[in-house]
Amino acid sequence: MSRMIGIDLGTTNSCVAFMENGHAVVIPNAEGSRTTPSVVAFTKSGERLVGTAAKRQAVTNASRTFSSVKRDMGSDARFSVDGKQYTPQEISAMILQKLKADAESYIGEPVTDAVITVPAYFSDAQRQATKDAGLIAGLNVLRIINEPTSAALAYGFDKGQPCKVMVYDLGGGTFDVSILDINSDTIEVLATAGNNHLGGDDFDQCIVGWLLERFREEHKLDLSKDPMAMQRLSEAAEKAKIELSASSETMINLPFLAQGPSGPMHLEATLTRVRFNELTAHLVTATKGPVQQALQDAGISASALNRVLLVGGSTRIPAVQDEVRKLTGKEPSRDINPDECVAMGACLQGGVLSGAINSIVLIDVTPLSLGIETLGDVFAKIIDRNTPLPCQHSQVFTTAANFQTSVEINVLQGEREIASANKSLGKFRLNGIRRALRGIPQIEVTFSIDTNGIVHVTAKDLGTNSTQDITISGSGNMSREEIDRAIRDAQRYAAEDRQRKQTQQTRDAAESMLNQARKTRKKLKDEDRSRLDASIAELEDALKDGNEQRIRTASEDIDRILRSVGTYTSAPEGGNDDGAYDA
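Residues numbered from 1 in each chain as written. Predicted model: local features only at pLDDT ≥ 70, side-chain atom pairs only at ≥ 80, totals over all residues. Heavy atoms only, no water.

### As for the environment of L99
Secondary-structure assignment places L99 in helix α2 (residues 88-107). For L99, a relative accessible area of 1% puts it in the buried group. Residue contacts for L99: discarding those within four places in its chain leaves I7, S14, V16 and T36. (Helix = DSSP H or I, 4+ residues; strand = E, 2+ residues; numbered from the N terminus. Buried < 20%, exposed > 50% of the residue type's maximum accessible area, 1.4 Å probe, protein only. Contact = heavy atoms within 4.5 Å.)

Structural data, given as structure tokens:
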């Protein structure tokens, strides 16, 4: 039976958890870490690297390494490698495949069902793109859940104490704030607000900009067009940011950063926490607006909050914590791990969906208002932001011209009164309207939003019952054909990865056997040693040739010889060094 997992698909790092004995448990990856870098790379030999391995080689392979792809979800951005273009969904699917494989290895069972988190302020297009990424990765995405809501679920599960909670979620690429009402059996989102382009990456870039200016002043050289130097600066900036959360200053030392007319150029700089706070003060201040907006929409004051939860690695920045204290008058709670709680909450929501947990109900909201464009570039709202999900609302419109037989419905998402200032999610045309003077036809437009926050729109002429509908798919999302192709590519890559792993295991087993055969040969009689030497030479040549079948055949020949002379105890299949040869 397939197991359910919860996934926090993060901008900088991702995390996966599953239910064990009624509790959410974070799954370590194959490298032993509890979070996985959201990085994908393609080596020059065509091998695909994901996670720690991809991040480790980013400096030497910067142009073929992709990170922070989450910021491009739902857009028409493309990533090019070797003449092939990848969508943000496809790159994200590679990260999800890695998390899925690590989960299956840890649990020892197949995994197909998942709950995946997204920033609360993700648009419909971004949510649909995330769901598509899960589909490409071979996952049945049962629910898309907002990250702050997921964190609150991890905090509120089994607490049993009614309280109003603010979740302040500052991750690698996005910022969200949500106000929730937690009771003994219900977690209700009262309001949410945020910024999809504010996060730890922006703090890093402030340090990078400072370092670039320092280097330019000292060496009269601009490094911004050097991909390898920029990658080194980005890594150094991230490291400095982390160190400044615990120290008052940090030393940045990057030798051989560039080559000048007089030789190598180095960068040495001391960054203090005070200077870092000055560089990033505008970013910290930018979180104030969404906090105030969420409180206003929830209809409560900061003093009515019982707890403030910090989520996301960037909330470890001392200046951010100071801003939270100033905005709320509360000391932030440290009851949950900011890097892991989102995945744990997603896992708990999976438990609710599967029936493993029946003691809690989660009520989420839509983050942005939805409506259509009407005459005069006016945005007519049909569903207001922070409406509980799932929901369905209708409104009746009419024609703008005499004898109009069709209308174009432009579906919009946003908060501006002017239609063109909001984001268009998609357009469709309703035909078959009864010919009449303008203002007479009655056209009912119905919006429905499912529990994943994905939108379905229907337009109906009440006079003729002519109907047209659309499940919104923004321009940056993938068509069904593109998704099917991406699924096939993902399956092909998975098969290639398995083959590569099997080939490596065969080589490892062969080299282990070869080493043992060399140690054993001197103890054999001349006739047996001669036979073994011939097989050793054949295996050495096969390993150089790289032909897997030839390696297997030569290994089997050595195995038979050693067995025949009674000096070998077979190693287990898989090829590690557990086989023992008699002394």
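### What to know about the side chain of T11
Checked against the element boundaries, T11 lands in the loop between β1 (3-8) and β2 (13-20). From its side chain, T11 meets the backbone nitrogen of G173 in a polar contact 3.4 Å long. For T11, the residues in contact, after removing those within four places along its chain, are S38, S68, K70, R71, G172, G173, T174 and D201. (Polar contact = N/O pair within 3.5 Å; in protein donor to acceptor, adjacent residues only side chain to side chain.)

### Observations concerning helix α9 (residues 318-328)
Among the 11 residues in α9, eight count as buried, and that is most of the element. The complete set of buried residues in α9 reads P318, A319, V320, Q321, E323, V324, L327 and T328. Turning to α9, the residues buried within the fold contact β12 (163-170), α5 (200-219), α7 (273-285), α8 (288-298) and β17 (307-311). Of the residues one or two after α9, G329 is the one with positive phi, at around 70°.

### Describing the nonpolar core
One finds I179, L233, I252 and L267 to be the most contacted residues of the largest nonpolar core, which totals 54 residues. Looking at which element gives the most residues to this core, the answer is α5, with eight residues. In this view, L233 contacts V208, L211, L212, L223, L254, L257 and L267; residues no more than four positions away in its chain are not counted. Formed by 35 residues, the second largest nonpolar core is a distinct cluster that contains V50, Y86, I107 and A137. (Core = buried A, V, L, I, M, F, W, Y, C linked by side-chain atoms within 4.5 Å.)

### Observations concerning the sheet that holds strand β7 (residues 65-67)
Read from one edge of the open sheet, three strands run β6-β5-β7, paired in antiparallel fashion. Two strands close off the open sheet at either side, each with one partner strand: β6 (48-50) and β7. Taken over all neighbouring pairs, the strand axes of this sheet differ in orientation by 15° on average, direction set aside. The pairing of strand β5 (residues 39-42) with β6 spans three bridges and is antiparallel. Its bridge partner being in β6, V40 is matched across the sheet by V50. Its contacts with the sheet place α2 against β5, β6 and β7, and it is angled at close to 105° to β5. (Pairing = 2+ DSSP bridges. Axes fitted to C-alpha atoms, helices over the stretch in contact; angles between N-to-C directions.)

### Points about the packing of aromatic side chains
For the structure on display, the rule yields six aromatic pairs. Between F42 and F66, the aromatic rings sit 6.3 Å apart at their centres with planes inclined by 65°, giving edge-to-face as the arrangement. Note that F42 is positioned in strand β5 and F66 in strand β7, a separation of 24 residues in sequence. In this structure, F42 and F66 share a single accessibility class: buried. (Phe/Tyr/Trp six-rings, centres within 6.5 Å; stacked < 30°, edge-to-face > 60°.)

### Quick notes on the pattern of salt bridges
For the structure on display, the rule yields 31 salt bridges. Between E415 and R385 there is a salt bridge; the shortest N-O distance is 2.9 Å. Highlighted residues: E415 in the loop between β22 (406-413) and β23 (423-431) and R385 in the loop between β20 (378-383) and β21 (391-397), separated in sequence by 30 residues. For E415, a relative accessible area of 24% gives the class partly exposed. Owing to a relative accessible area of 24%, R385 belongs among the partly exposed residues under this scheme. As a salt-bridge pair, D545 and R550 come within 3.8 Å of each other at their nearest N and O atoms. Under the relative-accessibility criterion, D545 is labelled partly exposed at 48%. (Salt bridge = Lys/Arg side-chain N within 4 Å of Asp/Glu carboxyl O.)

### Description of the environment of H393
For H393, the location among the structural elements is in strand β21. C-alpha of H393 to C-alpha of S448: the two residues are 55 residues apart in sequence and 6.6 Å apart in space.

### Remarks on the pairing of β12
Among the eight residues in β12, seven count as buried, and that is most of the element. With eight bridges joining them, β12 and strand β13 (residues 175-182) adopt antiparallel strand pairing. What sits directly across from Y168, in β13, is V177. Where β12 folds back on β13, the antiparallel hairpin that results is connected by four residues. Here five bridges tie β12 to β17, and the two strands are oriented parallel to one another. Note that in β17 the partner of D169 across the bridge is V311.

### Topic: the sheet that holds β12
Strand order in the open sheet made by the five strands is β17-β12-β13-β14-β18, with mixed pairing throughout. Of all strands in the sheet, those with a lone pairing partner are β17 and β18 (361-363), marking the two edges. Direction aside, neighbouring strands of the sheet carry axes that sit 25° apart on average. Examined bridge by bridge, strand β14 (residues 186-195) and β18 share three bridges and lie parallel to one another.

### Considering a nonpolar patch on the surface
Judged by side-chain polarity, F403, L437 and I440 come together as a nonpolar surface patch covering roughly 280 Å² of accessible area. Relative to the helices and strands, L437 is located in the loop between β23 and β24 (443-449). (Patch = residues over 30% accessible without salt bridge, like charges linked within 9 Å, V, L, I, M, F, W, Y side chains within 5 Å. Areas by Shrake-Rupley, 256 points an atom, 1.4 Å probe, with all protein chains shown as cover.)

### Here's the deal with the side chain of Q349
Structurally, the position occupied by Q349 is in helix α10 (residues 341-354). A residue is classified by how much of its surface remains accessible, and Q349, at 3% relative accessible area, is buried. In contact with Q349, other than residues within four places in its own chain, are V115, R143, I145, L153 and L362.

### Thoughts on helix α4 (residues 147-156)
Most of α4 sits inside the fold, with 10 of its 10 residues counted as buried. Along α4, the positions that sit buried rather than exposed are E147, P148, T149, S150, A151, A152, L153, A154, Y155 and G156.

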